[in-house]
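The chain contents come next:
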Amino acid sequence: MSTTTGSHPSGGAATRPRGGTEAPARPIPLLRLVQVELRKMVDTRSGLWLLAIIAVLSVGAVVLFRLFGPEEGHTFYGFAGMALTPQAFLLPVLGILLVTSEWSQRAGLVTFTLEPRRGLVVVAKSIAAVVVGLLGLALLLAVAAVFAAVAGSGDVWDLGARELGYFTILQVLAIMQGVAFGLLLMNSTAAIVLYFALPVAMNLLITFVEVLRENAGWFDLATGQAPLLTQVALTGEQWAQLATVAALWIVLPLVLGWVRLRRTEIKTA
Amino acid sequence: MIEIQGLTRTYGTTTAVDDVTFTVEPGRVTGFLGPNGAGKSTTMRMLCALTRPTSGQSLVLGRRYEEIPNPGRTVGVLLDAQAQHGGRTGREALTVSALTMGLDRRRVDEMLELVGLTPAEARRRVGGYSLGMRQRLGIANALLGDPQVLVLDEPANGLDPAGIHWMRTLLADFTRAGGTALLSSHLLREVEVIADDLVVIGRGRIVARGTKAELLATGGAVVRSADDVTLLVALQQAGLDAVESPGGGLVVEAEPAVVGRVAVDRGIALTELRPSDGGGLEERFLQLTAADAREGVHR
């Protein structure tokens, strides 16, 4: 306490409470909670670093693909697909930290005293997460467009509404998986480890157990999502598989996590 | 006004808070006093809808906390000064709260000035703050929304004596204008300086409540004798509330004359007998929470 000794200001008008019943009775609008969550993503060094790393890797992947990738792949879709890979890996981590920082950094105590409607805070975090995912998509499309234009021999503009739709679904699923895992485990380390370990475990199962391999599209997230990484229209069965794996790995943990949050005690220790 | 009505919280077989009932009046600072682990923080978390009570309820200005729209504008809460993202600057932490509550950003500067955090300190990351600076930031955060009710858990922890004096001035100013303040402490000295009313809690149960003056007046007698063990049994057999004082001797909830009479009847030689008003609330507090206080000594 170096600077304050001897200079304690006396409580002035600022400490006087408003009298009576004129307390603002309006609840906090959802849009404002979304703004707050977006701000909380960029107002710490760690948050900024994670976003910077995602941006650098997105651009880096495109540059490497331009230098070392096959010439015929140097199209808008090819570049965009390259930039999507690092985002698909790291956006879930962003989603995880968006939720778990309330516990690991103990900021949740302030968050949930200012807004006790816990479900609404989760909705705000989810919207903020999707916004960031879409911004990431916009960035990678912009970078891919520049590279495609520079590479530009022949028909490079091979990314239509269908591919854009697939990319959007992939981005939203990726970041929402992070939010769901973070909410379910409420612990950064556990959620990140589970997020990276799960595909490895699934891969092993699918490789060695034939009956699982044949039906992987119905329960393995990576297999179920794989058709979205092509330029071919999904079949009805593929859509059903996508919906199933999304329900299993994203909706289910999100619902369980939400139930847990409703019941849990917000503590610091 | 805060109304706590029969709040109970159990964890498995442990009852952390056991049927706690008290009222915090507007215009007064109420000190919530008890040893560490007595249930103060759990009670305050239940009050702020962070912990679900097993039974009972609490009302702030007649409403349950979770029913208050934009509660930061009505209730200023500081439950743990350490509970801030260490990577944010002090100013940013307040800005996030101000944004959530929909306040003018100028309010952030006003509060920083009020709690005595300089602009240079406000630009530093909270992770590097001393406990005293975190407390000041937490108090600024609690006052940010211009609330009518303050709920502060151990706010004086980490403040120097000048800081405690500053907080007394701040809270006196707050309550003089009609505000309601509840603050907890495990240190009697802090509460004695700041509070008007007292609620004393031990092992999850309310053991005493009233105005500071009332609790001071009911102090009984302090007695030492050649044989405290025999005297303790004699006093208890006489129907008096007597406990061993951690400082030696016995504290009895009775007039010294009554204690002297018991000693004479049993033929126990006294070495000291006086009214316990000298130590004031301290002896009362130690007496009320003697069992917990003794555990504290061995820790």
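Please refer to the structure placed before this passage.
To start, this report covers the structure provided alongside it. As the structure is a prediction and not an experimental result, all values here were calculated from the model.

1. Quick look at the overall build of chain A
Right, on to step 1. Secondary structure summary: chain A contains ten helices and zero strands in total.
Right, on to step 2. Starting at the N terminus and walking to the C terminus, you meet the elements of chain A as α-α-α-α-α-α-α-α-α-α.
Right, on to step 3. Every one of the 269 residues in chain A was classed for burial, and the buried ones make up 47%.
Right, on to step 4. Carbon together with sulfur atoms contributes 69% to the accessible area of chain A, which is approximately 12900 Å² in total.

2. Looking at the packing of aromatic side chains
Any pair of aromatic rings gets described here by the distance separating the centres and the angle formed by the planes.
Right, on to step 1. Evaluated as defined, the whole model comprises nine aromatic pairs over all chains.
Right, on to step 2. These aromatic residues form a ring-pair network of at least three members: Phe 65, Phe 79 and Phe 147 of chain A.
Right, on to step 3. For Arg 136 of chain B, the ring lying beneath its charged end belongs to Trp 166 of chain B, and the centroid distance is 4.6 Å.

3. Focus: the sheet that holds strand β4 (residues 55-60) of chain B
Residue and element names in this part refer to chain B.
Right, on to step 1. With respect to topology, three strands assemble into an open sheet ordered β2-β1-β4, the strand pairing being antiparallel. Each edge of the sheet is formed by a strand with only one pairing partner; in this case those strands are β2 (14-24) and β4. Across this sheet, the average inter-strand angle for adjacent strands is 20 degrees, counted without regard to direction.
Right, on to step 2. Pairing between strand β1 (residues 2-11) and β2: seven bridges, direction antiparallel. Looking at the pairing, Thr 10 lines up with Thr 15 of β2.
Right, on to step 3. The strands touched by helix α1 (residues 40-47) are β1, β2 and β4; relative to β1, the strand with the most contacts, the crossing angle is about 115 degrees.

4. Structural notes on the packing of helix α3 (residues 76-104) of chain A against helix α6 (residues 161-185) of chain A
Residues and elements named next belong to chain A.
Right, on to step 1. Across the interface, α3 lies against α6 with an axial gap of 6 Å and an inter-helix angle of 25 degrees. As summarised for this structure, α3 and α6 are arranged roughly parallel, according to the angle between their axes. Considering how the two elements wind past one another, α3 and α6 form a crossing that is right-handed.
Right, on to step 2. Considered class by class, the residues forming the contact of α3 with α6 number 16 nonpolar, seven polar and one charged.

Rules and cut-offs
- Residues numbered from 1 in each chain as written.
- Chains lettered and ligands numbered in written order.
- Predicted model: local features only at pLDDT ≥ 70, side-chain atom pairs only at ≥ 80, totals over all residues.
- Heavy atoms only, no water.
- Helix = DSSP H or I, 4+ residues; strand = E, 2+ residues; numbered from the N terminus.
- Buried < 20%, exposed > 50% of the residue type's maximum accessible area, 1.4 Å probe, protein only.
- Areas by Shrake-Rupley, 256 points an atom, 1.4 Å probe, with all protein chains shown as cover.
- Phe/Tyr/Trp six-rings, centres within 6.5 Å; stacked < 30°, edge-to-face > 60°.
- Lys NZ or Arg CZ within 6 Å of the ring centre and 35° of its normal.
- Pairing = 2+ DSSP bridges.
- Axes fitted to C-alpha atoms, helices over the stretch in contact; angles between N-to-C directions.
- Contact = heavy atoms within 4.5 Å.
- Parallel < 35°, antiparallel > 145°, perpendicular 65-115°, else oblique.
- Left-handed = near helix turned anticlockwise from the far one by under 90°.
- Nonpolar A, V, L, I, M, F, W, Y, C, P; charged D, E, K, R; others polar.

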